[in-house]
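Listed below are the residues making up each chain.
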Amino acid sequence: MRWKFWEWATGLPFARSNFATLESPRRLPSLTSLSLAPTMNGPTISVSLNSPQFLARNTFISSSKLKTDTSRRSLGICKCVSSPPAEQTAYTTKVSRNANMAKLQAGYLFPEIARRRAAHLLKYPDAQVISLGIGDTTEPIPDIITNAMAERACALSTVEGYSGYGAEQGEKKLRSAIASAYYKDLGIDESDIFVSDGAKCDISRLQVLFGSNVKIAVQDPSYPAYVDSSVIMGQTGLYENQRYSNIEYMRCDPQNGFFPDLSLISNADVIFFCSPNNPTGSAATREQLTQLVQYAKKTGSIIVYDSAYAMYISDDCPRSIFEIDGAKEVAIETSSFSKYAGFTGVRLGWTVVPKELLFSDGFPVAKDFNRIVCTCFNGASNIAQAGGLACLSPEGLKAMQSTINFYKENTQIIMDTFTKLGFDVYGGKNAPYVWVHFPGRNSWDVFAEILEKANVVTTPGSGFGPGGEGFVRVSAFGHRENVLEASRRLSQLYK
Ligand SMILES: Cc1ncc(COP(=O)(O)O)c(C=O)c1O
């Protein structure tokens, strides 16, 4: 860039052959500045030359060339400045960095994986990398759903069909369709439902609702957004020994059937609980969720129940926390169309905050959440909401289920592969994730080994919390041929 700028500014190609010394060959170290400005005799040049990189080019300048060539442009003052270290020259504002941001560890997990994948591709440009890592959907959205979105989009071009801002809480029809598709007979009605641009965004809005003065508990391992949003809100202390202080990490491992020992939680206000769980793929049973609800009631905590994968459940585990008696008084549920309808890019989700849920002073949580939504959000895209409504029509529900079944078949292929290779494999049955145990190994090392030797991207378990060490998560979101090819490569690698 630097050299390009020089050429633009001076009209001189920045090639060493064009340069001679200013006065009989003299090296630049004695020259610190050269200015270029219009004068009666033509421009003068100003160059700041204090960087070692610049000097290292062993550069020489031809004065005669400068005279002729610079006159081709009419210039004001022009500076060709080599790049000194940013910290020496960068302008800084008076605003101090949010100390909570400084507590966060490295990058958020998935951008970090994307970075490593990019680095791998830089090293092996021809590698045919297959991603079973980030957990993004790959299959086309059923056309019953995209047709509805297209229709709504086209209607926006008509006077009758145009609509601007909608209700922050979502369109009444969609809220009502969500209530009847997922909460029928559970005592949840449309007014308890807040339509959103996705569950991740709602997790952050819920953290804003709770503020900085609460302590959260999370399953360990768990989806990283709960912990990171807690850090950003200032609910935690510093990170030490793979944990933030003031967060309760509820260990979920094969020994406890991936359900935490609740008696070990000390004093959490808000319990984030995801079932089926990302990353372990395990779903909590009715008995386990009953225990959780009873625990919350006893301790006065609020459960934030993430059911983003509920439609992947194929046994009789509950699909909603509200299937459990008493949950409406202690729980919020957040969910999403992302992994059901391939809406990871379209963006549509919802959060249920029952009227029965009250703060310690008796104030309804839903009223405050409504205030947060109205302040921080302007409602989900009307086009996405048209898609959501189509998802919940009888044909849409069928189409979503068939996409889910496709991913579930992928899951089976991945589980079979690792099982045949002799690994202990968890999850898979009720979720699009397979949780593979590599006992005694560092999960980032396993991630790197699989990427390096099989060109397959997975997710290192420790990225989901200290309890994920020794595991990798393999996602079933992928085209069938890629899943089969990845399985073939993994079988080769670990045979
Ligand atoms: C457990 C869990 N919750 C929420 C989300 C985010 O969902 P959305 O795309 O609706 O923001 C994900 C995405 O991977 C997830 O795994």
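Residues numbered from 1 in each chain as written. Predicted model: local features only at pLDDT ≥ 70, side-chain atom pairs only at ≥ 80, totals over all residues. Heavy atoms only, no water.

> Pulling in residues and values, what's your account of helix α17 (residues 480-493)?
The end-to-end C-alpha separation of α17 is 20 Å, in line with the 20 Å expected for 14 residues at 1.5 Å each. Looking at the buried positions of α17, the neighbouring elements they touch are β4 (130-131), α15 (394-420), α16 (443-454) and β16 (456-457). (Helix = DSSP H or I, 4+ residues; strand = E, 2+ residues; numbered from the N terminus. Expected span 1.5 Å × (residues − 1). Contact = heavy atoms within 4.5 Å.)

> Quick one: what's the story with the site of the ligand, residue by residue and with numbers?
Neighbouring the ligand are 14 residues, the closest being Asp306, Tyr309, Ser336, Ser338 and Lys339. For the ligand, an oxygen atom lies 2.7 Å from a polar atom in the side chain of asparagine 278. One nitrogen or oxygen atom from the side chain of lysine 339 is found 2.7 Å from an oxygen atom belonging to the ligand. Its free accessible area being 390 Å², the ligand has 93% of it covered by the protein chains. Assessed atom by atom at 2 Å from the grid points, the ligand resides in the second largest pocket. Those elements giving two or more residues to the shell around the ligand turn out to be α9 (199-210) and α12 (338-341). (Near = heavy atom within 4 Å. Polar contact = N/O pair within 3.5 Å; in protein donor to acceptor, adjacent residues only side chain to side chain. Areas by Shrake-Rupley, 256 points an atom, 1.4 Å probe, with all protein chains shown as cover. 1 Å grid on protein atoms, 1.4 Å probe; cavity = no way out; pocket = protein on both sides within 12 Å on 5 of 7 lines; lining within 4 Å. Sits in = over half its atoms within 2 Å of the grid points.)

> Give a detailed account of the nonpolar core, specifying residues and quantitative values.
Note on soluble globular proteins: their nonpolar side chains tend to be buried together. In this structure, Ile178, Tyr183 and Met400 are the most contacted members of the largest nonpolar core, which totals 101 residues. Setting aside residues no more than four positions away along its own chain, tyrosine 183 makes contact with Ile178, Ile188, Ile193, Ser320, Phe322, Glu333, Trp350 and Val352. Grouped together as the second largest cluster of nonpolar side chains are 20 residues, Phe423, Ile450, Ala454 and Tyr494 included. (Core = buried A, V, L, I, M, F, W, Y, C linked by side-chain atoms within 4.5 Å. Buried < 20%, exposed > 50% of the residue type's maximum accessible area, 1.4 Å probe, protein only.)

> Before we move on, can you summarise the pattern of salt bridges with the specific residues and values?
Counted under the stated rule, the structure contains 18 salt bridges. Of the charged contacts, one joins glutamate 171 and arginine 152 as a salt bridge, the two residues approaching to 3.1 Å between their closest N and O atoms. Note that glutamate 171 is positioned in the loop between α7 (143-155) and α8 (172-182) and arginine 152 in helix α7, a separation of 19 residues in sequence. In this structure arginine 152 comes out as partly exposed when scored by relative accessible area, which is 22%. A salt bridge links aspartate 202 to arginine 205; its shortest N-O distance comes to 3.1 Å. (Salt bridge = Lys/Arg side-chain N within 4 Å of Asp/Glu carboxyl O.)

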